[in-house]
Amino acid sequence: MNELIFFFNNVMVAGVVLGSIYAVGAIGVTLIFGILRFAHFAHGDMMTMGGFIAFLLMLGCQALGITTPLVPTGFIVLPVAMVLTAILALGIDKGFYAPLRARGARPVTLLIASIGVTLIIQGLIRLSFGSGTWSFFETEQKQLIRIPVPLEGATRTINFTQPQLLMVLSTVIAVVALHLFLSRSRLGKAMRAMADNADLAQVSGINTKLVVRVTWVIAGGLAAMAGTMLALDVNLKPDLAFNIVLPIFAAAIVGGLGKPFGAIAGGYLIGFAETAAIFNWSVLLKPIAGVLPFEVPATMAVVPTEYKLTVAFVILVVVLLWRPTGIFKGAQT
Amino acid sequence: MMARRSLVLFAGLFLLFAVIGWVLGAANISLLLVQSFAYALIALGLNIQWGYGGLFNFGIMGMLMLGGAAVTFISYPVNAPFWGSEGPLMLGKALMAFLAGFLLVWGARHADRVGIRGRWKSALTILAWIVAYIVYRSQIDPAAAYIEKVGGGWVGGLGLHPVLGWLFGGILAAGVAYVVGKICLGLRTDYLAIATIGISEIIRALLKNMDWLTRGTLTVSPIPWPTPIPQDLQAQGVSIADSFIYARLGFLALVIIFLAIAFFLIQRAYGGPWGRMMRAIRDNHIAAASMGKNVTRRQLEIFVLGSVLMGIGGAMLVSFQQIYDPGSYQPINHTFLIWVMVIVGGAGNNWGAVFGALLIYITWMISDPVAQWLFNGISGWSTDMGWGAIPEIQSRASQMRVFVLGVVITIALRYAPRGLIPEVVKREV
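These figures come from a predicted structure and were not determined experimentally.

Here we take up the overall build of chain A. Helix and strand content of chain A: 13 helices and two strands. Relative to a compact globule of 333 residues, whose C-alpha radius of gyration would be 20 Å, chain A shows 21 Å and is just as compact. On the principal axes, the C-alpha backbone points of chain A span a range of 70 × 55 × 40 Å. Within the span of chain A, comprising 333 residues, buried residues form 54% of the whole. In the form shown here, chain A has an accessible surface area of approximately 14,100 Å², with 67% of it arising from carbon and sulfur atoms. Of the side-chain charges in chain A, 21 are positive and 13 negative, and the distance between the mean point of each set is 15 Å.

With that settled, consider a positive patch on the surface. Residues and elements named next belong to chain A. On the surface, Arg184, Arg186, Lys189 and Arg192 cluster together into a patch of positive charge. With three residues, the single largest contributor to the positive patch is helix H7 (residues 186-196). Position of Arg184 relative to the elements: it lies in helix H6 (residues 162-184).

What follows is about the packing of helix H2 (residues 26-52) of chain B against helix H11 (residues 240-271) of chain B. Residues and elements named next belong to chain B. At a closest axis distance of 9 Å, the pairing of H2 and H11 adopts a crossing angle of 20°. Between H2 and H11, the angle falls in the class roughly parallel. Remark: the crossing between H2 and H11 carries left-handed chirality.

Take the side chain of B:Ser200 next. Within the element layout of this structure, B:Ser200 appears in helix H8 (residues 189-209). For B:Ser200, a relative accessible area of 3% gives the class buried.

Before going further, it helps to spend a moment on the environment of A:Asn2. All names here are of chain A. With respect to the secondary-structure elements, Asn2 resides in helix H1 (residues 2-36). Spatially, the C-alpha atom of Asn2 lies 42 Å from that of Leu31, the residues being 29 residues apart in sequence. Apart from residues lying up to four places away in sequence, Asn2 is in contact with Gly153, Ala154, Thr155 and Arg156.

Per-residue confidence for chain A gives a mean pLDDT of 86, with 98% of residues at or over 70. Mean pLDDT across the elements of chain A ranges from a minimum in helix H12 (residues 282-285) of chain A, with 80, to a maximum in helix H4 (residues 78-102) of chain A, with 94.

So, about the packing of aromatic side chains. Under the defined criterion, the tally for this structure stands at 32 aromatic pairs over all chains. For the ring pair A:Phe38 and A:Tyr97, a centre distance of 5.2 Å and an interplane angle of 55° mean the geometry is tilted. Of this pair, A:Phe38 sits in the loop between H1 and helix H2 (43-64) while A:Tyr97 sits in helix H4, and the two are 59 residues apart along the sequence. Since its relative accessible area comes to 0%, A:Tyr97 is described here as buried. Judged by centre distance (5.2 Å) and plane angle (55°), the ring pair of B:Trp50 and B:Trp339 falls under tilted. Of this pair, B:Trp50 sits in helix H2 while B:Trp339 sits in helix H15 (residues 331-345), and the two are 289 residues apart along the sequence. Considered together, B:Trp50 and B:Trp339 belong to a single accessibility category, that of buried residues.

What follows concerns the interface of chain A and chain B. The interface is formed by 51 residues belonging to chain A together with 41 residues belonging to chain B. Of the roughly 4,000 Å² buried between chain A and chain B, counting both surfaces, carbon and sulfur atoms make up 76%. When the buried area of chain A at its contact with chain B is split by residue, A:Ile112, A:Leu119 and A:Leu127 rank highest and sum to 17% of it. Taken together, the links from chain A to chain B amount to zero salt bridges.

Before going further, it helps to spend a moment on helix H7 (residues 162-184) of chain B. Residue and element names in this part refer to chain B. Taking 1.5 Å per residue as the helical rise, H7 with its 23 residues ought to reach 33 Å, and the 32 Å between its terminal C-alpha atoms agrees with that figure. Of the positions making up H7, those classed as buried are Pro162, Val163, Gly165, Trp166, Gly169, Gly170, Ala173, Ala174, Ala177, Val180, Gly181 and Cys184. Buried residues along H7 sit in contact with helix H3 (60-75), H8, H11 and helix H14 (295-321).

Conventions used here
Residues numbered from 1 in each chain as written. Chains lettered and ligands numbered in written order. Predicted model: local features only at pLDDT ≥ 70, side-chain atom pairs only at ≥ 80, totals over all residues. Heavy atoms only, no water. Helix = DSSP H or I, 4+ residues; strand = E, 2+ residues; numbered from the N terminus. Rg over C-alpha atoms; globule rule 2.2 N^0.38 Å. Buried < 20%, exposed > 50% of the residue type's maximum accessible area, 1.4 Å probe, protein only. Areas by Shrake-Rupley, 256 points an atom, 1.4 Å probe, with all protein chains shown as cover. Lys, Arg positive; Asp, Glu negative; His and termini not counted. Charge placed at Lys NZ, Arg CZ, Asp CG, Glu CD. Patch = residues over 30% accessible without salt bridge, like charges linked within 9 Å, V, L, I, M, F, W, Y side chains within 5 Å. Salt bridge = Lys/Arg side-chain N within 4 Å of Asp/Glu carboxyl O. Axes fitted to C-alpha atoms, helices over the stretch in contact; angles between N-to-C directions. Parallel < 35°, antiparallel > 145°, perpendicular 65-115°, else oblique. Left-handed = near helix turned anticlockwise from the far one by under 90°. Contact = heavy atoms within 4.5 Å. pLDDT = per-residue confidence, 0-100. Phe/Tyr/Trp six-rings, centres within 6.5 Å; stacked < 30°, edge-to-face > 60°. Buried area = accessible area lost by both parts, 1.4 Å probe. Expected span 1.5 Å × (residues − 1).

In structure tokens form, the structure reads like this:
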């Protein structure tokens, strides 16, 4: 029984947490691709930027003496950080991408421009915060939640931290809100129409400029959310999300670019695949070693821990070969 | 018109190098020159892929790392404890396991010849992959553990001439590029970019963690030079200050010879029927295919060719720095930097690519001291104003280059989207 709980803690809990972060990031990537038809490479750094904005807001709250007894301050300031990042995302679009779009530049040029944006954001963050790491939990405690399992022979507990619980809850809220927005509201329907066929949407009288702006607002807000969640789970550093932008792209592609719900599925798929790949499966096999026809080795992970991130790339490459437009059919440039 | 513009730009670049050399001293500028010319070779490689062929390769870092690993393996002195141990035998077994696995997968992929089709073939292929992976891991894991613990730590080198290592770097990069190209080139634009980034990250993870092959984060040094190193010159009675300059100039000469040969060959190829065909494929692959050109094969050709130059360039950089540190490779420094070089210089024009490489590399390198000087100035001013000094100037200033690079590429895309020395397409009237 303890082995199963160990498995649950290491694969399921870690997978849900990682998957939530990937999913929230990948929704933004996939929406931008669906509407604007280019791979927005700077999304990872928008996430980092959102994380740093939340961090600054938290410092501000602490300086003002505002403390929250139940939840970490990082979560309280999250909505404000999302709004600020959304505004910055609109500014980035206006300053960097809109002029290129107006010139009729190809998606490839926009992708290169987004790398420029990546470098600028990362450079600015590093210039102002240095290259060290920062923590949301300098003054606050990260609460650990232990749930005893009411089963015979179980001495281990199911463990996760309070921020992890909150981040999964906020992911659920964000996804439900996004679903309602896309399926019920007029603007959401306009967005889906534009993702399907931009020219047709425009001639049917849809305000495409507004749709583009709304896309950036949603993508920016979600980026801030994903970045802050990641920073609350690990530590805040300038290349925080730059390192996971590829798994996020992998999630978006696996789910089919342009499909928000595909991105969510892709995010969790990649999150679980990563945690399951580095899990030492011999732990689970030990208790039944007697009935197995082979000897159980001491370590039996699919890949060594160092290769955790490469799991996402392998999945990405396999999916690209097997079904190039993703598991759910995605958009093409 | 174009020629005059190029001449003016290159003259300006020469002046820039001269001024920087005058400020930083001959030893520093000779170091920057060697590195920037090696980057020029890499930029030519990308120019073939992107400028000639329109291929979106974002996996340059992987090719540079392969080149570095190749030159380390060829030129580093022989590691006698490894060759005297069981290591080579175990590695041989692992290689056999790899080949067996390869044959297994290959066989499964061709299972339709014996009548296994459709879903059964897919299942068989997946099974073959799993079995091959397990067989390979069962041999390589003990071999790696053995070599790292008792078999001399790592495989060491072969002790051959570094130039052979450069060439091997090119060959190794070509081999890997062939496999990568086979896998990825069916994908279009954005997908290709992301797939190549993914593959270069896989290469990085492998080279960084295969301690038995590359010593991973323990790094390998000193890697020998193909030309006399400063200590050799000092032994012949050259003063210490001069020895560095002369040694680096010697290295520079060799790099320039390689660059000149590559430049001459690809410039000729560009003007010939082959270059015209490539441009046709780049500008309209559907039309080119309808004219009977085998688009996928030609793209594979160009992908491999560009990667050869990247592999050689990556090997040169490692030789020159005398250290192979797989942990020091970053997408920003080794992929995006080269993209900025080619875009700013002028994709499709070899002169432009070389110009962009030299200009961007020098900008990249001097951003750090300039930012430091600037920050010190501001810091002094803010201290005078009573606001206190800027903390950690040193570490902040070294981050300035990332920002500068971003600004440069943004400006270039906005105001000179075809580069400073753009491609000239000759039209016969």
